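Fold and geometry: a report
Spelled out from the first residue to the last, the chains are:
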Amino acid sequence: MRKINIHLISDSTGETVSSVARATLAQFDGIEVEEHLWPLIRTTKQLDHILTMIEDGDELVMYTLVEKELREHLAGACLEKGITCIPVLARVLSDLSAFFGVKIKQQPGKQHELGEKYFSRVEAINYTLAHDDGQAVWDLDEADVVLIGVSRTSKSPTCVYLAYRGYRAANVPFVSGISFPDEILKLKKPLIIGLTISPDRLIQIRKNRLLALKEFENTSYVDNEEVNKEIGEARKLFAKLKCPVIDVTRRSVEETAANIIQLYQELRGGDQHARTTVTG
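In this report, we go over the structure that sits alongside the text. Computed from a predicted model, the values in this text were never measured in an experiment.

All right, on to the packing of aromatic side chains then. Applying the stated criterion across every chain yields a total of 2 aromatic pairs. Note on Tyr167 and Tyr264: the rings are 5.3 Å apart at their centroids and 80° apart in plane angle, and the pair reads as edge-to-face. Of the two residues, Tyr167 sits in the loop between helix H6 (155–164) and strand S6 (169–173) while Tyr264 sits in helix H10 (residues 253–267), which places them 97 residues apart along the sequence. Side by side, Tyr167 and Tyr264 carry an identical accessibility label, which is buried. Ring centres 6.4 Å apart and planes at 40° place the aromatic pair Phe174 and Phe180 in the tilted group. Note on accessibility: Phe174 and Phe180 belong to one class, buried.

Pasting the structure below:
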């Protein structure tokens, strides 16, 4: 296992360079990465301070810097030190500039301006937090997406991810032996999606959860027969609701959310929902 220190430098929040770094580095096996995030870098003095922390030529720098002076300063200093330095958006911006025939605006943090899309996203996050784990089921018609699933099927983190993308996402747990809220059966506006998972994987996740909570007593929560029964009952509910079902057994939260967004856009047809254009 090769261990690499990677320095992520940004003139804004660092979300973009972090996302790109993680997405690309995940494609390489045998590499252990330790991230060092340096956000809101706006001066050469700040860059020089960061560079004093990077002495090993085996370390890596990835950056998103809009101002030409900062980019050239960083690239030149890294070249002198023998450090690999990667501008993650340079080719994309260059190609887009050529395509549009328009010069790039050298304005750091442009994607995080407090415009209508930003406030729409904040509103979505607030809604999602207020409707987590079956809360406030009486106004779920205001949701864009409602997720249903048994415990530990990643309902909450998936909803938070969707909210960050601008979707009002709520989730309602399915619990065997407890009556399901009638309000869900009457919903017309939201896209309802069932989340399912293989029994073996679910039992493993639940056991890890119990260990983290220092609960060592065996319960029906991790009993193979009970878990199979619970998943089967949930599937019957999904069939009754006639809703799409996503198997999250081998999916990350991001993959599940991407699938949900695709289903949502298909449901809305050619009329693209405004929240799908929110930038991260």
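A few words now on a nonpolar patch on the surface. A contiguous nonpolar patch, built from Val92, Leu96, Phe99, Phe100 and Val102 and spanning about 540 Å² of accessible area, is present on the exposed surface. Inspection of the secondary structure assignment puts Phe99 in helix H4 (residues 90–100). Here Phe99 falls in the exposed class, since its relative accessible area comes to 68%.

This part takes up the sheet that holds strand S2 (residues 31–38). Ordered in space as S2-S1-S3-S4, the 4 strands form an open sheet in which the pairing is parallel. Looking at strand neighbours, the two that pair on one side only are S2 and strand S4 (84–87), the edges of this open sheet. The sheet shows a mean angle of 25° between the axes of neighbouring strands, direction not considered. In the sheet, strand S1 (residues 2–10) pairs with strand S3 (residues 60–64) via 5 bridges, with the strands oriented parallel.

A few words now on the packing of helix H2 (residues 44–52) against helix H3 (residues 68–81). Packing of H2 against H3 leaves a shortest axis separation of 10 Å and a crossing angle of 25°. Classified by the angle their axes make, H2 and H3 are roughly parallel. The crossing of H2 and H3 is right-handed. Facing H2, whose interface residues are Thr44, Leu47, Asp48 and Leu51, H3 presents Glu69, Leu70, His73, Leu74, Ala77, Cys78 and Lys81.

Every α-helical turn comprises 3.6 residues, leaving residues that sit three or four positions apart pointing alike. The terminal C-alpha atoms of H3, which comprises 14 residues, lie 20 Å apart, in line with the 20 Å expected from a rise of 1.5 Å per residue. Buried within H3 are the following residues: Leu70, Leu74, Ala77 and Cys78. One face of H3 carries all of its buried residues, which in axial projection span an arc of 100°. Facing away from the buried side of H3 by over 90 degrees, the exposed positions are Glu69, Glu72, Leu79 and Glu80.

Here we take up the pairing of S3. Burial within S3 is extensive, with 5 of its 5 residues counted as buried. Side chains Leu60, Met62 and Thr64 of S3 all project onto a buried face; the interleaved residues Val61 and Tyr63 project onto the opposite face, where all are buried too. By the bridge criterion, 4 bridges tie S3 to S4 in an arrangement that is parallel. Residue pairing across strands places Leu60 opposite Thr84, the latter belonging to S4. For the handedness criterion, the β-α-β arrangement of S3, H3 and S4 is classed as right-handed.

A side chain of one charge can pair with a side chain of the opposite charge when the charged atoms of the two come close. As enumerated under the stated definition, the model contains 7 salt bridges in all. In this structure, Lys189 engages Asp144 in a salt bridge whose closest nitrogen and oxygen atoms are separated by 3.8 Å. Here Asp144 lies in the loop between helix H5 (116–130) and strand S5 (145–149) and Lys189 lies in the loop between helix H7 (182–185) and strand S7 (191–196), a separation of 45 residues in the sequence. The salt bridge partner of Glu230 is Arg206, with a shortest N-O separation of 3.0 Å. Of this pair, Glu230 sits in helix H9 (residues 224–241) while Arg206 sits in helix H8 (residues 199–212), placing them 24 residues apart in sequence. Each member of the pair, Glu230 as well as Arg206, carries the same accessibility label: buried.

With that settled, consider H9. End to end, H9 covers 26 Å across 18 residues, agreeing with the expected 26 Å (1.5 Å per residue, within 8%). Along H9, the residues that are buried comprise Val227, Glu230, Ile231, Ala234, Leu237, Phe238 and Leu241. Down the axis of H9, the buried set is contained in an arc of 115°. They therefore lie on one face. Within H9, the exposed residues directed more than 90 degrees away from the buried face are Glu225, Lys236, Ala239 and Lys240. Looking at the buried positions of H9, the neighbouring elements they touch are S5, H7, S7, H8 and strand S8 (245–247). The opening residue of H9, the one whose side-chain oxygen lies 3.2 Å from the backbone nitrogen of Glu225, is Asp223. Positioned one or two residues after H9, Lys242 has a phi angle of 55°, which is positive.

Calculation criteria
Residues numbered from 1 in each chain as written. Predicted model: local features only at pLDDT ≥ 70, side-chain atom pairs only at ≥ 80, totals over all residues. Heavy atoms only, no water. Phe/Tyr/Trp six-rings, centres within 6.5 Å; stacked < 30°, edge-to-face > 60°. Helix = DSSP H or I, 4+ residues; strand = E, 2+ residues; numbered from the N terminus. Buried < 20%, exposed > 50% of the residue type's maximum accessible area, 1.4 Å probe, protein only. Patch = residues over 30% accessible without salt bridge, like charges linked within 9 Å, V, L, I, M, F, W, Y side chains within 5 Å. Areas by Shrake-Rupley, 256 points an atom, 1.4 Å probe, with all protein chains shown as cover. Salt bridge = Lys/Arg side-chain N within 4 Å of Asp/Glu carboxyl O. Pairing = 2+ DSSP bridges. Axes fitted to C-alpha atoms, helices over the stretch in contact; angles between N-to-C directions. Parallel < 35°, antiparallel > 145°, perpendicular 65-115°, else oblique. Left-handed = near helix turned anticlockwise from the far one by under 90°. Contact = heavy atoms within 4.5 Å. Expected span 1.5 Å × (residues − 1). Arc of directions from axis to C-beta. Right-handed = clockwise from strand over helix to strand, strands pointing away. Polar contact = N/O pair within 3.5 Å; in protein donor to acceptor, adjacent residues only side chain to side chain.

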